[in-house]
Protein chains: 4
Amino acid sequence: MQDVDTLWADFTHPIATADDYFASLRGRRMNVFFMGERVPEPVDHPVIRPSVNAMAETYRIATERPELASAHTDIGGGQVNRFLHVPVSPNDLVTKHEMQRELGRRTGTCFQRCVGLDAISTCHSVTFDVDAETGSEYHRRFLAFLRRAQIANVVIGGAMTDPKGDRSKPPHQQDDLDLFLHVVRRDQNGIYVSGAKMHQTSAVNSHWLIFMPTMRLTEADRDWAVVGAVRVDAPGLTYIVGRQTNDTRAVDGGALDAGNAQFAGQESLIVFEEVFVPYEHVFLDGEWAYASTLVERFTTYHRSSYVCKTGLGDVLIGAAAAAAENNGVETASHIKDKLVEMTHLNETIYSSCMAAAHQSKPVASGAYINDEMLSNVAKHNVTRFPFEISRLAQDIAGGLVVTMPSEKDLQNNEIGPLVRKFLQGKSGVDTVDRMRILRLIENMTIGRNAVGYLTESLHGAGSPQAQRIQIARGMRIEEKKARARKLAGVKDAAKRQ
Amino acid sequence: MQDVDTLWADFTHPIATADDYFASLRGRRMNVFFMGERVPEPVDHPVIRPSVNAMAETYRIATERPELASAHTDIGGGQVNRFLHVPVSPNDLVTKHEMQRELGRRTGTCFQRCVGLDAISTCHSVTFDVDAETGSEYHRRFLAFLRRAQIANVVIGGAMTDPKGDRSKPPHQQDDLDLFLHVVRRDQNGIYVSGAKMHQTSAVNSHWLIFMPTMRLTEADRDWAVVGAVRVDAPGLTYIVGRQTNDTRAVDGGALDAGNAQFAGQESLIVFEEVFVPYEHVFLDGEWAYASTLVERFTTYHRSSYVCKTGLGDVLIGAAAAAAENNGVETASHIKDKLVEMTHLNETIYSSCMAAAHQSKPVASGAYINDEMLSNVAKHNVTRFPFEISRLAQDIAGGLVVTMPSEKDLQNNEIGPLVRKFLQGKSGVDTVDRMRILRLIENMTIGRNAVGYLTESLHGAGSPQAQRIQIARGMRIEEKKARARKLAGVKDAAKRQ
Amino acid sequence: MQDVDTLWADFTHPIATADDYFASLRGRRMNVFFMGERVPEPVDHPVIRPSVNAMAETYRIATERPELASAHTDIGGGQVNRFLHVPVSPNDLVTKHEMQRELGRRTGTCFQRCVGLDAISTCHSVTFDVDAETGSEYHRRFLAFLRRAQIANVVIGGAMTDPKGDRSKPPHQQDDLDLFLHVVRRDQNGIYVSGAKMHQTSAVNSHWLIFMPTMRLTEADRDWAVVGAVRVDAPGLTYIVGRQTNDTRAVDGGALDAGNAQFAGQESLIVFEEVFVPYEHVFLDGEWAYASTLVERFTTYHRSSYVCKTGLGDVLIGAAAAAAENNGVETASHIKDKLVEMTHLNETIYSSCMAAAHQSKPVASGAYINDEMLSNVAKHNVTRFPFEISRLAQDIAGGLVVTMPSEKDLQNNEIGPLVRKFLQGKSGVDTVDRMRILRLIENMTIGRNAVGYLTESLHGAGSPQAQRIQIARGMRIEEKKARARKLAGVKDAAKRQ
Amino acid sequence: MQDVDTLWADFTHPIATADDYFASLRGRRMNVFFMGERVPEPVDHPVIRPSVNAMAETYRIATERPELASAHTDIGGGQVNRFLHVPVSPNDLVTKHEMQRELGRRTGTCFQRCVGLDAISTCHSVTFDVDAETGSEYHRRFLAFLRRAQIANVVIGGAMTDPKGDRSKPPHQQDDLDLFLHVVRRDQNGIYVSGAKMHQTSAVNSHWLIFMPTMRLTEADRDWAVVGAVRVDAPGLTYIVGRQTNDTRAVDGGALDAGNAQFAGQESLIVFEEVFVPYEHVFLDGEWAYASTLVERFTTYHRSSYVCKTGLGDVLIGAAAAAAENNGVETASHIKDKLVEMTHLNETIYSSCMAAAHQSKPVASGAYINDEMLSNVAKHNVTRFPFEISRLAQDIAGGLVVTMPSEKDLQNNEIGPLVRKFLQGKSGVDTVDRMRILRLIENMTIGRNAVGYLTESLHGAGSPQAQRIQIARGMRIEEKKARARKLAGVKDAAKRQ
């Protein structure tokens with residue numbers, strides 16, 4: 001336990017505000033790279049900073065709207081940030097989703113803290129189940145960890161997606177055993193893990209990471225059945241921040257060209273090289289049979305978390321309406337109709353996520369989990385509708401979204417006045433404000449935050465086919481066939497089941 | 001009050017069972033016509049009977065699954081059929097929707113009792129509001145009416161859609177004033193109304209009708225602002241049952257050709273010719289300003305009631321799966337994928353309706369109403385997805401759905417054996433059972449119950465454009481624009497609102 | 001040859017007009033059944049007659065618009081009906097498609113003669129190829145047959161789809177060998193074939209049938225590799241006419257209820273019981289390796305023939321526009337927009353079919369065949385767009401499409417006036433005319449001609465998955481990958497191919 | 001005429017090769033700006049160069065595949081580059097479209113030369129018509145201009161889209177009259193024009209520009225009814241090159257990060273400040289009534305030119321297939337099915353464009369113009385299908401498309417090996433090649449060339465609503481209504497038309 005106390009020694013002062021959060025990120029010794037260069041202080045890197053800002057909103061909202069973004073926990077943390085609260089009622093999940101939509105509206109991007117929440121919610125019930133069946137003490141360890149995290153109010157990142165290598169082979173048959181994260185050795189104090197996690201949201205902006213297996217495992221994959229928590233600055237961790245569309249607009253064109261200069265998402269590749277995890281922070285170690293349960297519960301939580309995209313949808317619908325107003329065409333029937341269609345699609349996503357929360361059910365640990373079928377349905381709609389909303393936003397906005405001069409052109413004495421003269425919209429609309437709205441639409445549909453609004457909506461929490469497999473499993477087709485046969489007058493329809 | 005007691009004299013024995021219900025329909029003197037002929041006893045008419053059967057299921061389910069299909073009411077009826085229970089909590093609406101889906105599964109068609117439930121739920125709150133503002137006594141009257149109806153366990157039909165004539169003119173400017181139902185005279189006992197209601201679900205199978213205005217009214221339309229309850233056999237009422245696709249299969253081809261021989265829907269044109277309504281059964285009379293509220297509340301309830309179509313969807317998905325199994329192709333990847341797509345669309349509808357129930361809110365009378373935006377979104381999906389589910393069902397089923405010989409061909413000694421020989425599917429599947437499933441798919445996609453599954457899904461509770469108008473009203477576009485402007489960096493974005 | 005001359009003896013007077021055609025159908029001894037009863041004179045059967053009328057239009061148009069519907073043939077027939085002309089230029093296919101669309105417009109249904117044209121076009125080139133490789137004389141026989149048919153101007157039906165039984169087994173492994181049509185014995189004069197053909201368009205309305213195998217065959221299926229021509233009244237043939245949605249409206253409700261009283265389609269199950277085919281009318285007999293070529297060529301022709309559905313689309317778009325006009329809402333922006341969408345989808349189908357004709361290529365016999373990829377693409381759009389066009393038509397038309405009283409109600413003295421009073425639309429529009437248009441929309445979207453417009457559009461000429469398989473074969477994916485690799489900068493991209 | 005000869009003096013040596021073309025761009029005195037800085041030699045600017053490369057392919061293909069990309073002209077140029085050839089037969093348009101698709105395949109982007117071709121094709125017939133009606137000599141001037149252009153083999157850019165300002169006002173009522181390009185003064189030698197053109201494809205890469213009005217004009221807009229040709233380096237012209245998504249990847253990340261390092265598109269804002277046009281190069285001057293004809297013909301040509309996007313589609317389909325192969329999942333049924341769907345949509349676009357070419361018709365000048373309805377239908381599909389193709393490509397490719405490390409990370413000694421280790425796909429696939437393909441997919445779906453593949457597909461040649469208006473005009477709705485009424489049995493249907 002000595003070790004663990006030491007690991008938490010830096011977190012004795014709770015992070016209460018966004019400013020505390022920014023301060024908490026400074027001075028850490030992390031191996032972070034971006035575009036081939038080591039980033040000594042990520043919080044101050046202009047490309048990374050917007051993603052830190054988005055995360056900081058999860059602190060700001062907790063104080064501004066505590067009824068939405070905080071919760072009382074029985075685990076020991078008292079009134080805690082909702083991102084550290086395991087849901088123990090349908091209302092917890094409902095409120096979580098409302099908070100996620102609101103943060104989507106505030107930031108227009110991925111605010112990155114959901115994956116950690118969904119990871120702790122999953123670990124809560126899975127460790128409980130393992131303990132109940134095997135007499136292990138994972139759940140006690142996990143609760144102790146979570147209590148500390150709640151009191152310190154840290155950001156926990158969740159890390160699940162392994163590189164996978166040859167998709168046709170299980171972990172233990174890969175040419176390179178590190179293509180899935182695994183235990184490479186162990187000693188009396190803990191385990192050492194190697195491997196990597198891909199596309200990890202928020203990793204650089206987190207304080208702790210929980211790593212988990214990415215798929216169903218077999219007994220031969222025992223060493224890959226490992227869950228644990230590590231500080232993001234643990235020795236052996238390296239972060240390679242991925243390139244995003246238009247990431248360098250943060251530095252090359254000014255705030256206007258960025259579209260949304262303040263907020264962005266973040267994904268990175270995390271490499272684990274013999275990273276030590278003390279046993280007190282190990283929450284699964286070899287119990288391979290629970291990997292599939294863990295993945296199913298995590299994806300069930302996380303697929304509904306994509307309700308956040310309806311917050312982004314709100315922004316994009318608003319931006320399209322503002323663009324139409326700036327052009328003086330807001331009353332055209334086809335414009336109004338497109339805004340209605342965008343809203344209809346956006347609210348359809350919302351309704352699926354909310355239904356999945358309201359119809360959540362408890363598991364043995366007392367945690368509530370979204371309805372599995374509805375959560376998959378919700379996410380599956382997220383893999384489709386934002387693309388159509390985005391197309392309609394571009395339709396309303398016009399071609400200038402992708403042909404507009406730079407803010408630097410505005411600043412040039414020779415051509416700045418020409419740009420202002422010819423980009424004038426409806427009388428009374430400030431030309432630069434008109435440009436800002438168009439850049440925001442670019443940002444969300446074909447720019448930096450389209451990464452989160454579109455591509456991540458496809459693949460985050462599982463690609464479309466993953467949802468289809470889950471829907472197939474849950475569709476109760478034999479029951480449906482029996483209903484049909486009965487109505488059709490097929491004799492002995494009941495017996496056939 | 002004497003009059004009113006008389007009107008209820010026939011209902012002194014509560015209708016407890018499906019058999020009671022069938023009995024209650026016999027011996028009434030109603031003016032019912034179908035295909036140009038007077039129908040003396042509709043319950044025994046072979047074309048109408050399947051619609052009576054479907055309604056009877058609303059009685060059967062109440063005894064078989066009381067936790068689902070009955071409810072305790074404070075209005076005085078005690079434990080009553082849920083179709084007579086005004087929802088007073090989100091859970092009431094949630095359970096209502098589960099009941100509707102289950103009835104959809106049981107019948108594979110429109111079971112017709114929702115419109116009455118949604119009518120009483122609406123009248124409950126609107127009469128309350130009118131009384132509160134004007135000192136009228138409509139709410140007391142309405143509660144007294146409803147208490148009697150609950151105790152008697154009668155079927156109440158709701159009647160809203162007027163013929164409308166020239167859509168560009170309000171009621172009082174129509175060439176024929178009867179094109180909207182209105183008060184034509186009044187005396188000391190009550191009012192007399194004339195006009196008609198179109199597409200009325202279940203009218204012939206009901207015991208009472210509540211009539212309501214169909215749209216927003218102005219002061220000049222005061223005589224059209226009328227709500228009341230009448231017995232279905234009141235003097236002056238005439239019913240013309242509409243033709244449905246394949247309606248005569250009930251008589252011309254045997255049970256097999258009908259596809260779903262037991263259950264069907266029903267719509268009729270109800271003509272009112274100076275129908276007397278005692279004041280005790282008048283729930284609005286001239287308060288034109290409340291017409292729009294009444295219509296909005298009714299459509300909000302009723303649009304979510306289209307969750308019933310997911311029950312039909314369950315049957316159709318099951319039928320398609322059974323057809324594939326009968327053909328021996330159930331493991332083909334494209335077949336499985338189509339079943340998943342059908343399920344995904346069906347559950348998306350379900351999720352929207354359920355979210356609209358869970359997020360319902362109370363109004364002054366204490367009644368809970370579905371969330372308006374989500375209810376419109378739910379119904380708008382209903383105007384689209386059943387058509388695609390239907391197309392996919394036909395895709396899986398194959399062309400035989402529309403080219404199959406008649407059951408009468410099976411019975412012919414000469415060709416019956418040929419039909420059996422050549423319509424054989426996978427070994428071990430009974431050929432006639434294979435045919436039954438195909439006829440059921442025909443029934444639901446291009447036959448009698450496609451009327452309810454497809455066309456009624458488009459127009460019931462308002463055509464698609466009606467939902468788009470409501471979505472436009474509720475989309476809070478100024479708030480969304482402000483969000484976008486703030487993120488885009490537009491100065492004074494807040495002030496512009 | 002004696003036999004063959006006899007077989008043609010009834011056709012010495014060319015069928016020049018629609019009246020000639022009607023006359024030619026009478027007095028034949030065919031085994032035709034419908035709904036369990038023998039039909040002695042199909043042309044006079046009220047349910048079958050509309051399908052005969054549709055076929056008759058193929059004669060009428062040839063005289064009214066010879067530039068469109070006739071062609072000069074080098075085969076010996078001179079100027080012949082285009083339905084008997086093997087296309088020998090792109091323009092022949094282009095004109096064929098224009099004729100098909102026009103006939104779709106005239107009839108609003110399937111006019112049934114395309115399958116025979118596509119059968120003779122296919123036989124022309126396949127027999128040529130077989131002769132060239134094997135020294136057989138099928139092509140000579142076929143030309144002789146076709147010359148007679150052209151001179152007599154008969155209707156040739158094409159019969160391809162076998163019952164198939166267990167889809168996982170080839171013909172020779174079926175429990176019942178008759179589940180695919182095959183040669184059961186042969187003598188010095190000819191062959192005897194048994195089996196059946198399903199969903200056969202126009203069979204009862206034809207004079208001759210060409211039967212063909214339905215899929216790729218192997219050597220063990222040699223006896224199933226058979227093509228030949230028989231008179232429709234040949235001994236051993238039995239026809240069971242399939243039931244269609246609302247087929248009995250032709251008798252039970254009057255012309256109005258039928259929606260399109262004049263025209264309809266027709267499919268039947270044809271049973272072959274040891275039907276004799278003289279060698280002179282055998283065009284393939286055992287050359288199993290050519291079956292796949294034959295099927296591919298036939299489907300390539302026939303998939304483009306679905307351009308006819310754009311003619312039906314024209315009618316349905318017009319009907320929807322007329323319905324809107326009758327309601328007085330034709331200038332509403334959402335109505336206009338829906339008509340545009342319907343037109344866009346309809347013309348997209350047209351464009352794919354026409355491109356497939358313009359880009360046709362000749363084969364060895366000199367016949368031109370539609371571009372295979374584009375023909376598959378065209379048909380694949382036909383499996384989707386008519387469903388959406390139909391949904392939009394119902395949207396515009398309103399719910400009355402499925403709830404309207406019968407024509408018999410109009411004729412009733414008591415209720416007829418009520419129906420007229422309340423179904424009044426815009427002032428000046430005849431109420432019965434308004435009803436007629438709504439019945440036509442019912443007919444095409446959920447009535448008798450929806451069989452052809454919707455379900456047949458899915459399955460005719462091959463179900464959707466059949467087109468996807470052909471598209472996959474023709475997509476030249478290796479070439480596309482090489483293009484991508486080259487642009488991506490992959491070294492040796494060319495070598496990888 | 002002296003002036004005009006001088007203007008052509010720099011073009012005495014025909015541009016025969018791509019190298020000639022590059023040389024021809026150097027040393028010109030143009031006012032070109034990008035990101036606030038003057039660009040002295042655009043051809044050597046790393047961000048602009050890929051767009052020059054794409055244009056250069058139009059020269060390369062003419063020598064490599066002359067049968068496709070050159071044509072004989074009767075105007076005087078002999079065998080000329082097809083981009084300078086006015087189509088005088090359907091085959092000219094068919095071959096043009098095949099060339100466009102091939103160039104799309106070669107470059108994976110907009111090669112920019114179509115707009116000039118469509119401009120000259122339009123001017124050919126419009127000047128002919130004006131001369132015929134008014135006795136002007138525009139056509140002679142135009143032919144003389146075109147002959148010189150053909151001989152010199154220059155790139156002609158077409159410039160149409162005005163800034164438009166307040167969309168509710170015509171040109172002469174705008175607050176700033178320059179918001180539409182117009183004649184500001186004239187002298188004995190020529191006219192002087194001021195204004196601007198937005199989103200101009202290829203302007204910086206061209207030698208000459210033809211400017212044209214952007215919409216229907218009225219008599220009061222006479223000064224805005226002007227067409228003429230100017231050298232791109234004419235005094236008074238300023239070019240502000242627009243920012244594109246990921247444009248700076250050309251400089252900041254290496255060839256890999258760019259995805260398609262060699263080729264890109266280009267749009268700029270062209271400002272005209274009293275630019276002189278000698279009368280010999282004026283092709284319309286005040287004949288306002290012809291503006292609408294000119295716009296309609298131009299858009300009819302140009303909408304079909306979007307067939308080029310099917311070439312991009314070929315590349316993207318290939319890239320998705322290569323990505324699947326690299327992941328070892330190319331045989332998964334859902335992957336194959338998505339590739340088929342992408343191909344189906346891509347070929348549907350192709351078919352519409354090709355049909356519009358094959359069914360082109362001549363106008364008075366002898367030029368052939370694509371079928372107007374089909375061209376609008378083709379472009380309307382282009383506003384939809386590339387978005388779905390793009391979504392499916394991202395689906396197949398996986399999330400790495402937007403989270404992948406930079407090429408610079410590969411080059412870093414510390415993390416380069418880690419990236420290689422963990423981004424390994426199927427055994428035997430080079431990891432960097434795998435990354436290249438993913439970057440290409442990023443480039444086309446959310447990167448630089450998504451500008452052309454997606455947003456330009458929406459708005460180029462007119463936004464979606466513009467096509468809907470044209471489709472509405474061409475849909476012959478009265479004829480369709482008459483067809484419907486006739487089939488429905490409405491009396492006097494013919495008379496109503």
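Quick notes on the rules
- Residues numbered from 1 in each chain as written.
- Chains lettered and ligands numbered in written order.
- Predicted model: local features only at pLDDT ≥ 70, side-chain atom pairs only at ≥ 80, totals over all residues.
- Heavy atoms only, no water.
- Helix = DSSP H or I, 4+ residues; strand = E, 2+ residues; numbered from the N terminus.
- Rg over C-alpha atoms; globule rule 2.2 N^0.38 Å.
- Buried < 20%, exposed > 50% of the residue type's maximum accessible area, 1.4 Å probe, protein only.
- Contact = heavy atoms within 4.5 Å.
- Areas by Shrake-Rupley, 256 points an atom, 1.4 Å probe, with all protein chains shown as cover.
- Phe/Tyr/Trp six-rings, centres within 6.5 Å; stacked < 30°, edge-to-face > 60°.
- Lys NZ or Arg CZ within 6 Å of the ring centre and 35° of its normal.
- Pairing = 2+ DSSP bridges.
- Least-squares fit on C-alpha atoms with pLDDT ≥ 70 in both.
- Expected span 1.5 Å × (residues − 1).
- Axes fitted to C-alpha atoms, helices over the stretch in contact; angles between N-to-C directions.
- Parallel < 35°, antiparallel > 145°, perpendicular 65-115°, else oblique.
- Nonpolar A, V, L, I, M, F, W, Y, C, P; charged D, E, K, R; others polar.
- Left-handed = near helix turned anticlockwise from the far one by under 90°.
- Buried area = accessible area lost by both parts, 1.4 Å probe.
- Salt bridge = Lys/Arg side-chain N within 4 Å of Asp/Glu carboxyl O.
- Polar contact = N/O pair within 3.5 Å; in protein donor to acceptor, adjacent residues only side chain to side chain.
- Disulfide = S-S within 2.5 Å.
- pLDDT = per-residue confidence, 0-100.

Draft legend 1. Main features of the overall build of chain A. When helices and strands are counted, chain A shows 22 helices and 14 strands. Expected size for 497 residues packed as a compact globule is a radius of gyration near 23 Å; at 24 Å, chain A falls within 12% of this value. Burial statistics for chain A: of 497 residues in total, 71% are counted as buried. Of the contacts made within chain A by residues no fewer than 6 positions apart, 77% connect residues no fewer than 24 positions apart. Element-wise, carbon and sulfur atoms account for 50% of the exposed surface of chain A, whose accessible area totals about 14,900 Å².

Draft legend 2. Spotlight on the packing of aromatic side chains. Summed over all chains, the structure comprises 48 aromatic pairs over all chains. Taking the centre distance of 5.1 Å and the plane angle of 45° together, the rings of Tyr 192 of chain A and Phe 276 of chain A count as tilted. With Tyr 192 of chain A in strand β7 (residues 190-201) and Phe 276 of chain A in strand β11 (residues 267-278), this pair connects stretches of sequence that are 84 residues apart. For Phe 276 of chain A, a relative accessible area of 27% gives the class partly exposed. Each ring, one from Phe 145 of chain D and one from Phe 283 of chain D, has its centre 5.6 Å from the other, and the planes form 55°; the classification is tilted. In this pair, Phe 145 of chain D sits in helix α7 (residues 138-152) while Phe 283 of chain D sits in strand β12 (residues 282-285), placing the two residues 138 residues apart along the sequence. Every member of this aromatic cluster is reached through a ring pair, and the members are Trp 8, Phe 11, Phe 142, Phe 145, Trp 208 and Phe 283 of chain A. For Arg 185 of chain B, the ring lying beneath its charged end belongs to Tyr 192 of chain B, and the centroid distance is 3.8 Å. The ring centre of Phe 22 of chain C lies 4.3 Å from the NZ or CZ of Arg 49 of chain C, which sits over that ring.

Draft legend 3. Seen up close, the sheet that holds strand β11 (residues 267-278) of chain B. Residues and elements named next belong to chain B. The six strands lie next to each other as β2-β1-β10-β11-β7-β6, forming an open sheet whose pairing is mixed. Unpaired on one side and paired on the other, β2 (37-38) and β6 (182-186) mark the two borders of the sheet. One ladder, built from five bridges, connects strand β10 (residues 237-241) with β11; its direction is antiparallel. Bridge pairing links Tyr 239 to Ile 270 in β11.

Draft legend 4. Just the relation of the copies chain A and chain D, in detail. Mapping chain A onto chain D calls for a screw motion: a turn of 180° about the axis and a shift of 0.0 Å along it, with 0.0 Å RMSD after fitting. With respect to symmetry, the two chain copies, as superposed, fit the operation of a two-fold axis. Interface residue correspondence from chain A to chain D reaches 100%, placing this contact among same-surface, isologous pairings.

Draft legend 5. Spatial organisation of the sheet that holds strand β1 (residues 31-34) of chain C. All names here are of chain C. Strand order in the open sheet formed by six strands is β2-β1-β10-β11-β7-β6, with mixed pairing between adjacent strands. Two strands bound the open sheet, and with one partner strand each, they are β2 (37-38) and β6 (182-186). Bridge count between strand β7 (residues 190-201) and strand β11 (residues 267-278): nine bridges; the pairing is antiparallel. Among the inter-strand pairings, Ile 191 is bridged to a residue of β11, identified as Val 277.

Draft legend 6. Highlighting helix α19 (residues 450-459) of chain B. All names here are of chain B. In terms of burial, α19 is largely enclosed, as ten of its ten residues are buried. Those residues of α19 not exposed but buried are Ala 450, Val 451, Gly 452, Tyr 453, Leu 454, Thr 455, Glu 456, Ser 457, Leu 458 and His 459. In the segment just after α19, Ala 461 is the residue with positive phi, at about 60°.

Draft legend 7. Looking closely at unusual backbone geometry. Backbone geometry at Lys 164 of chain B places phi at a positive 75°, although glycine is not the residue there. By secondary structure assignment, the location of Lys 164 of chain B is in the loop between β5 (156-159) and β6. For Arg 476 of chain D, which is not a glycine, the phi torsion comes out positive at approximately 50°.

Draft legend 8. A look at helix α11 (residues 308-327) of chain B. The first and last C-alpha atoms of α11 of chain B sit 29 Å apart over 20 residues, in line with the 28 Å expected at 1.5 Å per residue. At the C-terminal side of α11 of chain B, Gly 328 of chain B shows a positive phi close to 75°.

Draft legend 9. View of the packing of helix α11 (residues 308-327) of chain A against helix α21 (residues 477-488) of chain B. Put simply, α11 of chain A and α21 of chain B touch, their axes get as near as 7 Å, and they point 90° apart. Compared by their axis directions, α11 of chain A and α21 of chain B come out roughly perpendicular. In this structure, α11 of chain A contributes Asp 314, Val 315, Ile 317, Gly 318, Ala 319, Ala 321, Ala 322, Glu 325 and Asn 326 of chain A to the contact, and α21 of chain B contributes Ile 477, Lys 480, Lys 481, Ala 484, Arg 485 and Leu 487 of chain B. For the contact of α11 of chain A with α21 of chain B, a count of residues per class yields eight nonpolar, two polar and five charged.

Draft legend 10. Spatial organisation of the packing of helix α14 (residues 385-397) of chain A against helix α18 (residues 431-445) of chain A. Residue and element names in this part refer to chain A. Put simply, α14 and α18 touch, their axes get as near as 10 Å, and they point 155° apart. Taken together, the axes of α14 and α18 are roughly antiparallel relative to one another. Pair α14 / α18 crosses with left-handed handedness. Contacts between α14 and α18 involve Ser 390, Ala 393, Gln 394 and Ala 397 from the first element and Leu 438, Ile 441 and Thr 445 from the second.

Draft legend 11. Region of the structure containing the interface of chain A and chain D. At the interface, 78 residues of chain A touch 78 residues of chain D. Across the chain A/chain D interface, buried area totals approximately 6,400 Å², and carbon plus sulfur atoms make up 59% of it. Our count for the contact surface shared by chain A and chain D stands at ten salt bridges. Of the charged contacts, one joins Arg 243 of chain D and Asp 257 of chain A as a salt bridge, the two residues approaching to 3.1 Å between their closest N and O atoms. Between chain A and chain D we count 32 residue pairs in polar contact (both at pLDDT 80 or more) in total. For the side of chain A that touches chain D, the leading source of residues is helix α19 (residues 450-459) of chain A, giving five residues. Looking at side-chain class alone, the side of chain A that touches chain D contains 27 nonpolar, 27 polar and 24 charged residues.

Draft legend 12. Representation of the pattern of salt bridges. All names here are of chain C. A full pass over the atoms with the stated rule returns 196 salt bridges over all chains. Arg 436 is the salt-bridge partner of Asp 433, the closest N and O atoms lying 3.3 Å from each other. Here Asp 433 pairs with Arg 436, and both are found in helix α18 (residues 431-445), just three residues apart, close to one helical turn. Of the residues examined, Asp 433 reaches a relative accessible area of 13% and is grouped as buried. Judged by relative accessible area, Arg 436 falls into the buried class, the value being 18%.

Draft legend 13. A look at the environment of Cys 123 of chain C. Residue and element names in this part refer to chain C. Summarising the element assignment, Cys 123 is placed in helix α6 (residues 114-134). A sequence separation of 65 residues divides Cys 123 from Gln 188, and the C-alpha atoms of the two residues are 24 Å apart. Those residues within four positions of Cys 123 in sequence are excluded, and the remaining contacts are Phe 128, Phe 142, Ile 210 and Val 227.

Draft legend 14. Broad picture of the side chain of His 45 of chain A. Residues and elements named next belong to chain A. Looking at the element boundaries, His 45 is found in the loop between β2 (37-38) and α3 (49-64). A polar side-chain atom of His 45 sits 3.0 Å from the main-chain amide nitrogen of Val 47. Here His 45 is in contact with Phe 34 and Val 39, once residues within four sequence places are set aside.

Draft legend 15. Main features of the side chain of His 97 of chain B. Residue and element names in this part refer to chain B. In this structure, His 97 sits in helix α5 (residues 90-107). With a relative accessible area of 0%, His 97 lands in the buried category. Contact partners of His 97, with chain neighbours within four places excluded, come to Ser 304, Ser 305, Val 307, Cys 353, Met 354, Ala 357 and Asn 370.

Draft legend 16. Local environment of the state of the cysteines. All names here are of chain D. In the structure shown here, the tally under the stated rule is zero disulfides over all chains. Cysteine Cys 123 is unpaired, with the sulfur of Cys 114 as its nearest cysteine sulfur at 16 Å. Unpaired in terms of disulfides, Cys 308 finds its nearest cysteine sulfur in Cys 114, a separation of 5.6 Å.

Draft legend 17. The environment of Lys 426 of chain C, seen in detail. Among the structural elements, Lys 426 of chain C can be located in the loop between α17 (416-422) and α18. It is 60 Å that separates the C-alpha atoms of Lys 426 of chain C and Glu 478 of chain C, two residues lying 52 residues apart in sequence. In this view, Lys 426 of chain C contacts Gly 165 and Asp 166 of chain B together with Glu 325, Asn 326, Asn 327, Gly 328 and Glu 330 of chain C; residues no more than four positions away in its chain are not counted.

Draft legend 18. Spotlight on the confidence of the model for chain A. Summing up the model confidence of chain A, the mean pLDDT is 96 and the portion of residues at 70 or higher is 99%. Across the assembled chains, the prediction reports ipTM 0.97 with pTM 0.97.

Draft legend 19. Region of interest: the environment of Val 32 of chain C. Residues and elements named next belong to chain C. For Val 32, the location among the structural elements is in strand β1. A relative accessible area of 0% places Val 32 in the buried class. Sequence-wise, Val 32 and Asp 233 are 201 residues apart; in three dimensions their C-alpha atoms are separated by 9.9 Å. Not counting chain neighbours up to four residues away, the residues in contact with Val 32 comprise Glu 37, Arg 38, Val 39, Pro 42, Val 204, Tyr 239 and Val 241.

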